[in-house]
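What follows is the residue order along each chain.
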Amino acid sequence: MATLSDAFTALNAAIDNTPLIDNHCHNLLRPNHISKVPLLSIASEAQGNEALEASKTSLAHIRATKHLAQVLSCEQNWDAVEAAVRVQHSQDPAAWHRRCYQGFETLLLDDGFGGDELIHPYSWHDTFVTSKCKRIVRIETLASSLFTQALSSRGAKSAALILEEVVKAFADEISRCIADPDVVGFKSIICYRGGLDIPRDATGVQEKSTLAFQSMVELFDKSIDPFKRPEQLPFNQSLVHLTARLISQSESKHKKAIQFHTGLGDNDIILTKSSPAHLQPFISQYPTVPVVLLHSSYPWTREAGYLATMYPNVYADIGEVFPFLNKDGQEGILRQILELTPWSKVLMSTDGHSHPEMYLITLREIKSVMKTVIGGQLAKGQLNTNQAVQLVQDVLYNNSNKLYDLGLSPKAVPTTLPTTMSQDEDDVAAARVQREADIRHLSSLNCRWLRVCWHDYTSSSKMRLVPMRRVLDNLRRGEDVHFTLTSATFGILQTDVLIPSVSSSGVYAVRVDYTKAVLGPAPGHASVFCEFMNEDGSDLNLCPKALLRKTIENARGHGLEFKMGFELEFVIMERNPDSNSQEKYLTLRNDGHSWSMARAIADAGRPGSFNSALDEILDNLTDAGIDIEQIHPENAPGQYEIILPPKPPMEACEVLLTTRLIVEAAAARHGFRMTLHPKPFPFNCGTASHMHMSITSLGGDSKEVYEPFYAGIIKHFTALIALMYSNIASYERMVDSAWAGGRWVTWGTENKEAPLRKCKDSHWEIKTIDGITNPYIAMAGILAAGTHGVVTKEKLVAKDFLGDPAKLSDEERRELGITKSFPKDLRAALKVLETDTELTDLLNKDFVKRYIDMKTAELEMLEPMEATERRQWLIARY
């Protein structure tokens, strides 16, 4: 049962791993102009040296100083921070920029702050973030440029004619930007030009604008200093109306947004007119034009939340208060927005500008505050785990992705930050809470040993046995049980021989969530499955568990959640007492063993009978928190099947692996051998690990969702089989007309001869998975292919087939869309996987290459063996 600790773990993982689409920020200054904006301004909107100097005594400045000092490993005072920043910019500015932008997916840049000669172009920033940056066009800056250009070369033209030319040029440029895919929205700073009380009547505004324009011409003519900007309110109001009208009249189904500066700003706004409440008439006049209320509208946050709630075209941005307010204030802003506003209408931004350091501290503060506030909602029961995670992903990523039509797919950043970054006080507190939860859970198990387990590319279960006393002692001292394993871990064959492409140099670190430890598989033992990572704490592309985790995160980013359940088949054998015999293992001596046959368990209770071990197995599974649905005899001699409960994907894999270990251990204690060999008896049924899956997210049982998902699997099925039938012996099970999934790529409702069986709605069964498969790897491939099918709206081309495809003619198969058969063996399957570049990209090129290298080396070891020798060799290891 999930605990509050589990919920916090899931929430913190979502906050740490979800990248930010910064929906409003500004370009960085060029190096030769960086002194024009003091570094002090990254935590204050104050203007002038005296006001900025006073900002050093603000709580916001003190917190920003602490963050930067932690990252830069310097003293926590501003002079030391400024000196350390100068060093970073002088030594390797590109590396420092990348560090400051770590955790950002993309930037939507308002490049009206500064000038082309002062700031880098928006595309320059692409190098430092994951996806291409986009532009937000500031309409007042555009108008000012056109106004200055027209007046500078007007000759004898009248003010009315000049106004007509400026307005036409402005409208032409706005229309061009509406059609420009690099422009995703517009920005108005009319809040600085007199306030947000824009009259609803555009005609009246236009008449006043003409008079205002005449005064602007006169001002331009009299100006001794260079003309800066048109200040007249009616003229600026007419520009906003014109922009909104052009957006609403555009033929595009997707309407680009107008962002408005609201609330918090420097000292040339009229505070009382910066409330977004003044925009209500304008908002209602253009219902198809998305309006984004920037900067949390501070101190008018609740007003922004109200408008975003009541108007479908309004969105509340909660930026700029990070880092300009102290932590309490920031938490208050997030709480105020969530009081009323649907989180689907909330956006996040940094309002970062000029200096990259502002982006670094702002993102740290955003994520810290989200952990506190949303964690509080979890603790109070106002949100469940899935809702809290969805809120985080929507506010940081999905809402902006949708509003600005970016078409991006979520990409996770490393769960653990690089070792050069120190934890702030919030992370330290969270770590303490987690550590206390670890101690409570491990102590409750009352075990002497902890098995830290993993599952490698050969699908071998590996582990390190650690004294539980040592684990608890370390945790109580505030330490983890750190250990590393050779980087050859995922390059070793079953005989401990390295494959040619792998070196023995280097190590991996291990990440363990102790609250996931369960009892078993032996008395006095507990087990937990770990994840491997690079030494610096970043994700390891080669780790099967990390591969599945990231695949699940990607699916969740597309709104997909799943439940999976395995049917674990296994064969029990007796050890041959004749040491001279080639057969090390003998068929279980049971009469009448066949599918669901009661006689097969008639000797339950007899000492020495495997059926007498079933009670022990059930008890051990119950102690491990695995509530199995049923167990029954299967067709082959000594063959059984345990039906495992449906779980989320990662948990389903670990339930399967834990159950294997428990059954194997119980069988061994009773003198038997459990094997997962796919075809231990040539003339009996094979052994599989069929997987049932359902799409449990909202709308998952809709054909529009689940058919593209399974169509994506079918599209890549011939490559996926290399992950699901991962051993040379797996293909001995691939036979037609035996309820084993057969050789043909097809699907059918309740068709046990199809490799993909539809049960009901989104609940389908995949039959082509056996017990020598690494479930992390197989499930990652399945989810990656299916999710991509949903994203690309893949069509389910093959028809629903209810018969045996092996008994059809070629022409009949073609009519049904059954045009592909599975590769005949593992070598052929690996070749298909290698050439399926789409699936390779969906998984990870490094992983796929290592997987193919491992399986090729495995084949070179196993192929020369005689069939009987190979069968015995595999039974001994699986």
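Rules behind the numbers
Residues numbered from 1 in each chain as written. Predicted model: local features only at pLDDT ≥ 70, side-chain atom pairs only at ≥ 80, totals over all residues. Heavy atoms only, no water. Helix = DSSP H or I, 4+ residues; strand = E, 2+ residues; numbered from the N terminus. Rg over C-alpha atoms; globule rule 2.2 N^0.38 Å. Buried < 20%, exposed > 50% of the residue type's maximum accessible area, 1.4 Å probe, protein only. Contact = heavy atoms within 4.5 Å. Areas by Shrake-Rupley, 256 points an atom, 1.4 Å probe, with all protein chains shown as cover. Pairing = 2+ DSSP bridges. Salt bridge = Lys/Arg side-chain N within 4 Å of Asp/Glu carboxyl O. Axes fitted to C-alpha atoms, helices over the stretch in contact; angles between N-to-C directions. Left-handed = near helix turned anticlockwise from the far one by under 90°. Nonpolar A, V, L, I, M, F, W, Y, C, P; charged D, E, K, R; others polar. Domains from an automatic or database assignment. Buried area = accessible area lost by both parts, 1.4 Å probe. Polar contact = N/O pair within 3.5 Å; in protein donor to acceptor, adjacent residues only side chain to side chain. Phe/Tyr/Trp six-rings, centres within 6.5 Å; stacked < 30°, edge-to-face > 60°. Lys NZ or Arg CZ within 6 Å of the ring centre and 35° of its normal.

## So, the overall build of the chain
Okay, so step 1: Counting its regular elements, the chain contains 28 helices and 24 strands.
Okay, so step 2: Computed over the C-alpha atoms, the radius of gyration of the chain is 32 Å, within 12% of the 29 Å expected from 2.2 N^0.38 for a compact globule of 878 residues.
Okay, so step 3: If one aligns the C-alpha atoms of the chain with their principal axes, the spans along those axes are about 110 × 70 × 50 Å.
Okay, so step 4: Counting all 878 residues of the chain, 58% fall into the buried class.
Okay, so step 5: For the chain, the share of sequence-separated contacts (at least 6 apart) that also reach a separation of at least 24 residues comes to 75%.
Okay, so step 6: Surface accessibility of the chain: about 35,900 Å² in total, with carbon and sulfur atoms responsible for 52%.

## Digging into the pairing of strand β23 (residues 756-760)
Okay, so step 1: Most of β23 sits out of view: four of its five residues are buried.
Okay, so step 2: The pairing of strand β22 (residues 747-749) with β23 spans three bridges and is parallel. Note on β23: the bridge partner recorded for Trp-747 is Leu-756.
Okay, so step 3: The sheet contact formed by β23 and strand β24 (residues 763-766) spans four bridges and is antiparallel. Within β24, the position partnered with Lys-760 by the bridge is His-763.
Okay, so step 4: As consecutive antiparallel partners, β23 and β24 are separated by two residues, and within that stretch Asp-761 has a phi angle of approximately 50 degrees, a positive value.

## Quick word on the pattern of salt bridges
Okay, so step 1: Inspection of the entire model under this criterion finds 36 salt bridges.
Okay, so step 2: Measuring nitrogen to oxygen at the nearest pair gives 3.1 Å for the salt bridge that ties Lys-516 to Asp-513.
Okay, so step 3: Members of the salt-bridge network, linked through shared partners, are Arg-511, Glu-531, Asp-539, Arg-549 and Glu-553.

## Observations concerning the packing of helix α13 (residues 327-340) against helix α14 (residues 356-379)
Okay, so step 1: Contact geometry of α13 with α14 gives a least axis separation of 10 Å together with a crossing angle of 65 degrees. When you trace α13 past α14, the crossing you get is right-handed. Contact residues: α13 offers Lys-327, Gln-330, Glu-331, Leu-334 and Arg-335, while α14 offers Glu-365, Ser-368, Val-369, Met-370, Thr-372 and Val-373.
Okay, so step 2: Grouping the amino acids of the contact of α13 with α14 by side-chain chemistry returns four nonpolar, three polar and four charged.

## Let's talk about the side chain of Thr-840
Okay, so step 1: As for its position among the elements, Thr-840 is in helix α26 (residues 837-843).
Okay, so step 2: Apart from residues no more than four positions distant in its own chain, Thr-840 is found in contact with Leu-833, Glu-834, Lys-845 and Val-848.

## Focus: the domain arrangement of the chain
Quoted interface sizes are often the accessible area lost when the parts come together.
Okay, so step 1: Examined at the domain level, the chain breaks down into domain 1 (4-139 + 182-197 + 252-404), domain 2 (425-540) and domain 3 (549-846).
Okay, so step 2: Put simply, the middle of domain 2 and the middle of domain 3, counted by C-alpha atoms, are 27 Å apart.
Okay, so step 3: Contacts between domain 2 and domain 3 engage 13 residues on the former and 19 residues on the latter.
Okay, so step 4: Summed over both partners, the interface of domain 2 with domain 3 buries about 1,400 Å², with 58% contributed by carbon and sulfur atoms.
Okay, so step 5: Inspection of the region where domain 2 meets domain 3 yields two salt bridges.
Okay, so step 6: Summed over the shared surface of domain 2 and domain 3, the number is eight residue pairs in polar contact (both at pLDDT 80 or more).
Okay, so step 7: Here the side of domain 2 that touches domain 3 is composed, by residue class, of six nonpolar, three polar and four charged.

## Points about the environment of Leu-472
Okay, so step 1: Note that Leu-472 resides in helix α17 (residues 468-476).
Okay, so step 2: Distance in space between the C-alpha atoms of Leu-472 and Thr-787 is 40 Å, their sequence separation being 315 residues.
Okay, so step 3: Residue contacts for Leu-472: discarding those within four places in its chain leaves Ile-439, Leu-442 and Ser-443.

## Describing the environment of Asp-539
Okay, so step 1: Summarising the element assignment, Asp-539 is placed in the loop between β15 (531-533) and α18 (544-557).
Okay, so step 2: Under the relative-accessibility criterion, Asp-539 is labelled buried at 12%.
Okay, so step 3: In this structure, the C-alpha to C-alpha distance between Asp-539 and Asp-197, residues 342 residues apart in sequence, is 50 Å.
Okay, so step 4: Reaching out from Asp-539, the side chain makes a polar contact with the side chain of Arg-549 at a distance of 2.8 Å.

## Topic: the packing of aromatic side chains
Okay, so step 1: Summed over all chains, the structure comprises 25 aromatic pairs.
Okay, so step 2: Ring geometry for Phe-260 and Phe-282: centres 5.6 Å apart, planes at 75 degrees, overall edge-to-face. Linking Phe-260 in strand β5 (residues 257-260) with Phe-282 in helix α10 (residues 280-285), this pair joins segments that are 22 residues apart in sequence. This pair shows no difference in class: Phe-260 is buried, exactly as Phe-282 is.
Okay, so step 3: Grouping aromatic residues by their ring pairs yields a cluster made of Trp-454, Tyr-457, Phe-490, Tyr-508, Phe-532, Phe-847 and Tyr-851.
Okay, so step 4: Over the ring of Tyr-315 we find Lys-345, and its NZ or CZ is 5.1 Å from the ring centre.

## Description of the sheet that holds strand β9 (residues 449-455)
Okay, so step 1: Overall, mixed pairing links the four strands, which are arranged β10-β9-β14-β13 in an open sheet. Each of the sheet's edge strands pairs with one partner strand only, and the pair in question is β10 (461-467) and β13 (518-519).
Okay, so step 2: Pairing of β13 with strand β14 (residues 525-529) involves two bridges; the strand directions are antiparallel. Within β14, the residue paired with Leu-519 across the bridge is Ala-526.
Okay, so step 3: α17 contacts β9, β10 and β14 of the sheet and is inclined by roughly 70 degrees relative to β10.

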